[in-house]
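Below, each chain spelled out in residue letters.
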Amino acid sequence: MVKHSLSKDKIRILLLEGVHENAVREFHDRGYTNVELLGHALDEAELIEKIQGVHILGIRSATRVTDKVLAAANRLFCVGCFCIGTNQVRLDSARRAGVPVFNAPYSNTRSVAELVIGEIVMLLRGISEKSRQAHAGKWLKNAKNSFEMRGKTLGIVGYGHIGSQLSVMAEAMGMRVRYYDIEKKLAIGNAEACSRLKDLLESSDVVTLHVPATPQTKNMIGDKELRAMRKGAYLINASRGNVVVIEALVKALEEKHLLGAAIDVFPTEPGSNAEEFVSPLRNFSNVILSPHVGGSTQEAQANIGLEVAEKLIKYSDNGSTFGAVNFVEVSLPVKAGGTRFLHIHANVPGVMRRMNELFSSRNLNVSAQYLQTDPEVGYVVVDLDGEVDEVELIGELHALEGTIRARYLY
């Protein structure tokens, strides 16, 4: 049996926001039994108190891992975002603290694409308003502002995994598809690329957004962009809450420039189901509002739980950083026999030389060494042969100038 630096049942794992039980099951199956699962997010003060002594943290999109949280995390060695996005974590600060962050960038692609297809149908048929009227006892049976998908133009902003899959599904239902992306992307099927966002907005009956949260995408759909859309068009946002200027959208709806919208993500969202959702969009019967559930299907959450848990376990077990979003990626084979250490250090001259001199002074043979660096941080995993005093050696590794973190793996 492989002897690990810290008994797996002593490694504390904190999972927040109702992470799927698949993750808990995967941890348990791999020997990690000290798992605490909470069904809600924690605010900064609560997380600062809770994270002390935690080795592995799992979150979704509502919990914020700030600089203060990272400073209070006295045992933390990795973070898992059980979702697509990672903007809720201070990635640069985590990297400098030697904490790789993992996510599941593709596991809920199908779920989001299916939701958008459903919203296109609902918007084009005016089902949201008709449903509200029916619930109020009114019978709004007419074909006014009610259209088929077939023959309409769908404009997709962001042609990544979700956008491209949505493209295929929409085309199969008879829509013409145009897309815009800041990177050159190969069209799928009969989709047509637009060289400018303005061209897409002016030519689309439905515009749907599938972009990441970056400085470039913040408020990218404001008054000017909404005015560029066709009169009577529809807007869908299932990407990030700060992509659309809500006040501008409200104005476009009030003036009936847009016939409707479907919004799944918002600039400010409740931290739990117990909090009130506040938005001026609540006043519009032709707007479909959903509580950030684009990827919230049982299938997607099960896949995400398994994928992220597996990445966290691999890092904890053997130092593999494959799939980390803020760290150099090293995919490591499991080596039978010998001893393995990981060392995270400031990327400055002399660290590797001093490390290898330390091993040589102890008559330890380096049987394998995996090193990757970025401009700030170096990451090395070392397999050693020979008699190793793990406690003493890890202490000396910690004492090396430039060390950020060192762990004995097995």
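Going by the structure above, here's the rest.
Now for a quick tour of the structure. (Residues numbered from 1 in each chain as written. Predicted model: local features only at pLDDT ≥ 70, side-chain atom pairs only at ≥ 80, totals over all residues. Heavy atoms only, no water.)

### Comments concerning the sheet that holds strand β4 (residues 78-81)
At step 1: With parallel pairing, five strands are arranged side by side in an open sheet as β2-β1-β3-β4-β5. At either end of the open sheet lies a strand with only one pairing partner, and these are β2 (35-37) and β5 (101-102).
At step 2: Strand direction decides the pairing type here: strand β3 (residues 56-59) and β4, joined by four bridges, are parallel. Bridging from a neighbouring strand, G58 pairs with G80 of β4.
At step 3: Of the strands in this sheet, β3, β4 and β5 touch helix α11 (residues 298-318), which is tilted by about 170° from β4. (Pairing = 2+ DSSP bridges. Helix = DSSP H or I, 4+ residues; strand = E, 2+ residues; numbered from the N terminus. Contact = heavy atoms within 4.5 Å. Axes fitted to C-alpha atoms, helices over the stretch in contact; angles between N-to-C directions.)

### Some remarks on the sheet that holds strand β8 (residues 192-193)
Through backbone hydrogen bonds, the strands of a sheet pair up, either in parallel or in antiparallel fashion.
At step 1: Taken in spatial order, the seven strands line up as β8-β7-β6-β9-β10-β11-β12 in an open sheet, and their pairing is parallel. Looking at which strands have only one partner, the edges of the open sheet turn out to be β8 and β12 (287-289).
At step 2: As paired strands, strand β6 (residues 153-157) and strand β7 (residues 176-180) are joined by five bridges and run parallel to one another. Looking across to β7, one finds that I156 is bridged to Y179.
At step 3: Packing of helix α7 (residues 161-172) onto the sheet brings it into contact with β6, β7 and β9 (206-209), and relative to β6 it is tilted by some 175°.

### Focus: the nonpolar core
At step 1: In terms of nonpolar packing, the biggest core is built from 32 residues, with L15, F27, F82, L312, Y315 and Y379 touching the most fellow members.
At step 2: The greatest single-element share of this core, amounting to six residues, is contributed by α11.
At step 3: With residues near it in sequence (within four places) discarded, F27 still touches I13, L15, Y32, V35, A309, L312 and I313. (Core = buried A, V, L, I, M, F, W, Y, C linked by side-chain atoms within 4.5 Å. Buried < 20%, exposed > 50% of the residue type's maximum accessible area, 1.4 Å probe, protein only.)

### A word on helix α10 (residues 246-254)
Spacing of three or four residues puts side chains on the same side of an α-helix, whose turn is 3.6 residues.
At step 1: Taken residue by residue, α10 has I246, A248, L249, V250, A252 and L253 as its buried positions.
At step 2: Buried positions along α10 lie against α9 (223-228), β10 (233-237), β11 (258-263) and β12.

### Remarks on the pattern of salt bridges
Think of it this way: side chains of opposite charge can pair up when their charged atoms draw near.
At step 1: Taken as a whole and assessed by the stated rule, the structure comprises 28 salt bridges.
At step 2: R30 serves as the salt-bridge partner of E26, at 3.4 Å between the closest nitrogen and oxygen.
At step 3: On the accessibility criterion, E26 (15% relative accessible area) is buried.
At step 4: Take R30: its relative accessible area is 29%, and that puts it in the partly exposed class.
At step 5: With a shortest N-O distance of 2.9 Å, E310 and R30 are connected by a salt bridge. Taken together, the positions of E310 in helix α11 and R30 in the loop between α1 (21-29) and β2 put the pair 280 residues apart, joining distant regions of the chain.
At step 6: Taken together, the shared-partner salt bridges in this structure form one network comprising K8, E26, R30, E310, K314 and D317. (Salt bridge = Lys/Arg side-chain N within 4 Å of Asp/Glu carboxyl O.)

### A look at unusual backbone geometry
At step 1: Even without a glycine there, the phi angle at E17 is positive, about 65°.
At step 2: Looking at the secondary structure, you find E17 in the loop between β1 (13-15) and α1.
At step 3: On the basis of relative accessibility, which here comes to 11%, the residue E17 falls in the buried class.
At step 4: A positive phi is found at N219, a non-glycine position, where the angle reads about 60°.
At step 5: Position of N219 relative to the elements: it lies in the loop between β9 and α9.
At step 6: The class of N219 is partly exposed, set by a relative accessible area of 42%.

### Topic: the environment of Q165
At step 1: With respect to the element layout, Q165 can be found in helix α7.
At step 2: The class of Q165 is partly exposed, set by a relative accessible area of 25%.
At step 3: Beyond its immediate sequence surroundings of up to four residues, Q165 is in contact with T109 and R110.

### Concerning the pairing of β9
At step 1: With burial as the criterion, each face of β9 is covered, one bearing V206 and T208 and the other bearing V207 and L209.
At step 2: Here four bridges tie β6 to β9, and the two strands are oriented parallel to one another. Bridge pairing in β9 places G155 opposite V207.
At step 3: Two strands pair when backbone bridges link them, and β9 and β10 are joined in this way by four bridges, in the parallel orientation. From the neighbouring strand, L209 faces β10, where its bridge partner is N237.
At step 4: Between β9 and its parallel partner β10, the chain crosses via α9, and the hand of that crossover is right-handed. (Right-handed = clockwise from strand over helix to strand, strands pointing away.)

### Looking at α7
At step 1: With twelve residues, α7 extends 17 Å between its outermost C-alpha atoms, agreeing within 8% with the 16 Å of an ideal straight helix rising 1.5 Å per residue.
At step 2: All of the buried residues along α7 are I162, G163, S164, L166, S167, M169 and A170.
At step 3: Buried-residue contacts for α7 involve α5 (109-125), β6, β7 and β9.
At step 4: Directly after α7, the chain includes G174, whose backbone phi takes a positive value near 95°. (Expected span 1.5 Å × (residues − 1).)

### With respect to the environment of K231
At step 1: Mapped onto the fold, K231 is located in the loop between α9 and β10.
At step 2: Ignoring anything within four residues of it in the chain, the contact list for K231 reads E255, K256 and H257.
At step 3: Side-chain polar atoms of K231 contact the backbone oxygen of K256, separated by 3.3 Å. (Polar contact = N/O pair within 3.5 Å; in protein donor to acceptor, adjacent residues only side chain to side chain.)

### Describing a negative patch on the surface
At step 1: Among the surface-exposed residues, D43, E44, E46 and E49 lie close enough to one another that they form a single negatively charged patch.
At step 2: Tracing the backbone shows E49 in helix α2 (residues 44-50). (Patch = residues over 30% accessible without salt bridge, like charges linked within 9 Å, V, L, I, M, F, W, Y side chains within 5 Å. Areas by Shrake-Rupley, 256 points an atom, 1.4 Å probe, with all protein chains shown as cover. Lys, Arg positive; Asp, Glu negative; His and termini not counted. Charge placed at Lys NZ, Arg CZ, Asp CG, Glu CD.)

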